[in-house]
Amino acid sequence: MSVAEASKAKINDETAPARRVGDVRSFQRYAAAVIMLVPATCVAIGRLFQTDDSDTRRTLDLIAANPDRQFIFALLGFIGLVTVVPAFLAAASLSRRRRPVLTTVALAVNLMAYLGAFAMSAIDNLYLIGASLPADQRDVAAIVIDKMWSTGIPGVSTNLFVLGHILGAILMGLALRGSIATVGWLAMLLTTPMHVLAFVVLQIPALDLAAWMLMTLAFVCCAIKIIKTTNDEWDLPPLT
C-alpha cells in the first residue's frame, strides 16, 4: 500500500461514524436493586416451612406426612443461594470506593461462604428423597443424611457457610458505613448476634428468621442507594 492510499484509509477511518454501543448501566442498577431483595427474604420465609431436624429419623417421618412443606423450604433455600452472590457483589459496588480494602476482604469471605454452601441445597433435597422411601427404609436414609452432615465435603461446606456468613456479615456491615443509611449497615451487623442467639444461646428458630429479615433490611437500604446512584458513579461508560 502506498503512502497516499494509507493516508486516505486513515482519513476514512477517522471520518467514519462511531458505532453505537448499548449502555446497560441503568438496567444493571435496577436489576441489582431487585435481586438484592430476594436472597435473605427467601431464606427468612423458608424458615416458616422448616421441619424440626433435631432427630433425623423423626424428621423424615414428619416430611413424609407433608412433603410439600419440605419442597417449599428446599426451593426457597435454593433461590436464596443462587441470588445471594449477586446481592453481595452489588452491595460491594457501593462501598468499594469508600473502603476498598475492607470491601475486598468482606466480599471474599462472603463469596467463600455462599459459594461453598452448595452442598446444603443437596442435603435439603436429600431429606425429601429420604422421606419418600418406605418407612422401613428410612432408618438407612437417616444414617446417610447424618453422615453427610458431619463428614466429608458436605460437612466442610456447612461449616464454611456457618462461619463465613457470620463473619462476612460483620465485615460487610462495617464496609457499608457511610455508603448507605445507618439503619442499613447496623442491620447487617446485627444479623450475627441474632444468629448466635437463635442457635447457640436461646435455641429459638424464630430468631433466625428475624436475623435474615435484618439482612433483607440492609439490602433494601442498598437497593435504594443503587437506584439513586447515577450511571457514571455506578460504572464506567461503554467505549464507542
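Notes on the structure in this doc start here. Residue numbers restart at each chain and count upward from 1, following the sequence in its written direction. Note on the predicted model: pLDDT of at least 70 is required for a residue's local features to be given, and 80 or more for side-chain atom pairs to be given and counted; whole-chain, interface and lining totals, by contrast, use all residues. Side-chain numbers come from the whole structure's heavy atoms, not from hydrogens or water.

### Quick notes on the overall build of the protein
So, step 1. A run of H or I in DSSP becomes a helix once it reaches four residues, and a run of E becomes a strand once it reaches two; helices and strands are each numbered from the N terminus. Scanning the protein from N- to C-terminus turns up 12 helices and zero strands.
So, step 2. When the helices and strands of the protein are placed in sequence order, the string is α-α-α-α-α-α-α-α-α-α-α-α.
So, step 3. The principal-axis extent of the C-alpha atoms belonging to the protein is close to 90 × 45 × 30 Å.
So, step 4. Taking all 240 residues of the protein together, 39% fall into the buried category.
So, step 5. Residue contacts follow a heavy-atom distance rule, with two residues in contact if any of their heavy atoms lie within 4.5 Å. Taking all contacts inside the protein whose residues are at least 6 apart in sequence as the whole, residues at least 24 apart take part in 75%.
So, step 6. Computed with the Shrake-Rupley method and a 1.4 Å probe, the accessible areas treat only the protein chains shown as cover for residues. When the accessible surface of the protein is summed, it comes to about 13,300 Å², and 68% of that surface belongs to carbon and sulfur atoms.
So, step 7. Averaging the positions of the 19 positive and the 17 negative side-chain charges in the protein gives two centres separated by 11 Å. Burial classes: relative accessible area under 20% of the type maximum marks a residue as buried, over 50% as exposed, and values in between as partly exposed (1.4 Å probe, protein chains only). When charges are tallied, Lys and Arg are placed among the positive residues and Asp and Glu among the negative ones, while His and the ends of the chain are skipped. To locate a charge, the coordinates of NZ of Lys, CZ of Arg, CG of Asp or CD of Glu are taken.

### Things to note about the pattern of salt bridges
So, step 1. The term salt bridge refers to a pairing of a side-chain nitrogen on Lys or Arg with a carboxyl oxygen on Asp or Glu at a separation within 4 Å. Using the criterion set out here, one finds seven salt bridges in the structure.
So, step 2. Its salt-bridge partner being Arg57, residue Asp61 comes within 2.7 Å of it at the nearest N-O pair. Pair noted here: Asp61 and Arg57 are both in helix 4 (residues 56-65), with a separation of four residues, about one helical turn.
So, step 3. For Asp61, a relative accessible area of 33% corresponds to the partly exposed category.
So, step 4. Overall, Arg57 belongs to the partly exposed group, its relative accessible area being 22%.
So, step 5. Overlapping salt bridges bring together Arg57, Asp61, Arg138 and Asp139 as one network.

### Things to note about the packing of aromatic side chains
So, step 1. The aromatic pairing rule takes the rings of Phe, Tyr and Trp, using the six-membered ring of Trp, and pairs them if the centres are within 6.5 Å, calling planes under 30 degrees apart stacked, those over 60 edge-to-face and the rest tilted. Scanning the entire structure with this criterion turns up three aromatic pairs.
So, step 2. Considering the side-chain rings of Phe88 and Phe219, the 5.3 Å spacing of their centres and the 80° angle between planes classify their relative orientation as edge-to-face. Of this pair, Phe88 sits in helix 5 (residues 67-95) while Phe219 is found in helix 11 (residues 205-228), placing the two residues 131 residues apart along the sequence. The same class applies to Phe88 and to Phe219, which are both buried.

### A closer look at the side chain of Asp124
So, step 1. Structurally, the position occupied by Asp124 is in helix 7 (residues 118-131).
So, step 2. With no salt bridge to any partner, buried Asp124 finds its closest opposite charge in Arg47, at an N-O distance of 7.0 Å.
So, step 3. Sequence-distant contacts of Asp124, that is, excluding residues within four places in its chain, are made with Gln70, Phe73 and Ala74.

### Looking at the packing of helix 6 (residues 100-115) against helix 9 (residues 152-175)
So, step 1. Helix axes are fitted to C-alpha atoms over the stretch in contact, other axes to C-alpha atoms as well, and angles between N-to-C directions run from 0 to 180 degrees. Direction vectors running N to C along helix 6 and helix 9 enclose 155°, while the axes themselves pass 8 Å from each other. What the angle tells us is that helix 6 and helix 9 run roughly antiparallel. Viewed along their axes, helix 6 and helix 9 form a crossing whose handedness is left-handed. Across the interface between the two elements, Leu102, Thr103, Val105, Ala106, Leu107, Val109, Asn110, Met112, Ala113 and Tyr114 from helix 6 touch Leu160, Phe161, Gly164, His165, Leu167, Gly168, Ala169, Leu171, Met172, Leu174 and Ala175 from helix 9.
So, step 2. Each residue belonging to the contact of helix 6 with helix 9 can be placed in one class, and the counts come to 16 nonpolar, five polar and no charged. Roughly parallel means an angle under 35 degrees; roughly antiparallel, over 145; roughly perpendicular, 65 to 115; everything else is oblique. Crossing handedness: left-handed means the near helix sits turned counterclockwise from the far one by under a right angle, and right-handed means the same turn made clockwise. By the convention adopted, Pro, Cys, Tyr, Trp, Phe, Met, Ile, Leu, Val and Ala count as nonpolar, Lys, Arg, Asp and Glu as charged, and the other residues, Gly among them, as polar.

### Overview of the packing of helix 4 against helix 8 (residues 138-150)
So, step 1. Between helix 4 and helix 8, whose axes approach to 8 Å, the crossing angle comes to 120°. When the axis of helix 4 is compared with that of helix 8, the two are oblique. The way helix 4 lies across helix 8 gives a crossing that is right-handed. Counting all contacts with helix 4, which are made through Thr56, Arg57, Leu60, Asp61 and Ala64, the residues of helix 8 involved are Arg138, Asp139, Ala141, Ala142, Ile145 and Asp146.
So, step 2. Tallied by class, residues from the contact of helix 4 with helix 8 come to five nonpolar, one polar and five charged.

### Focus: helix 3 (residues 39-46)
So, step 1. Burial runs high along helix 3: six of the eight residues are buried.
So, step 2. Within helix 3, burial applies to Pro39, Ala40, Cys42, Val43, Ala44 and Gly46.
So, step 3. Each element contacted by the buried residues of helix 3 is listed here: helix 2 (25-35), helix 5 and helix 11.

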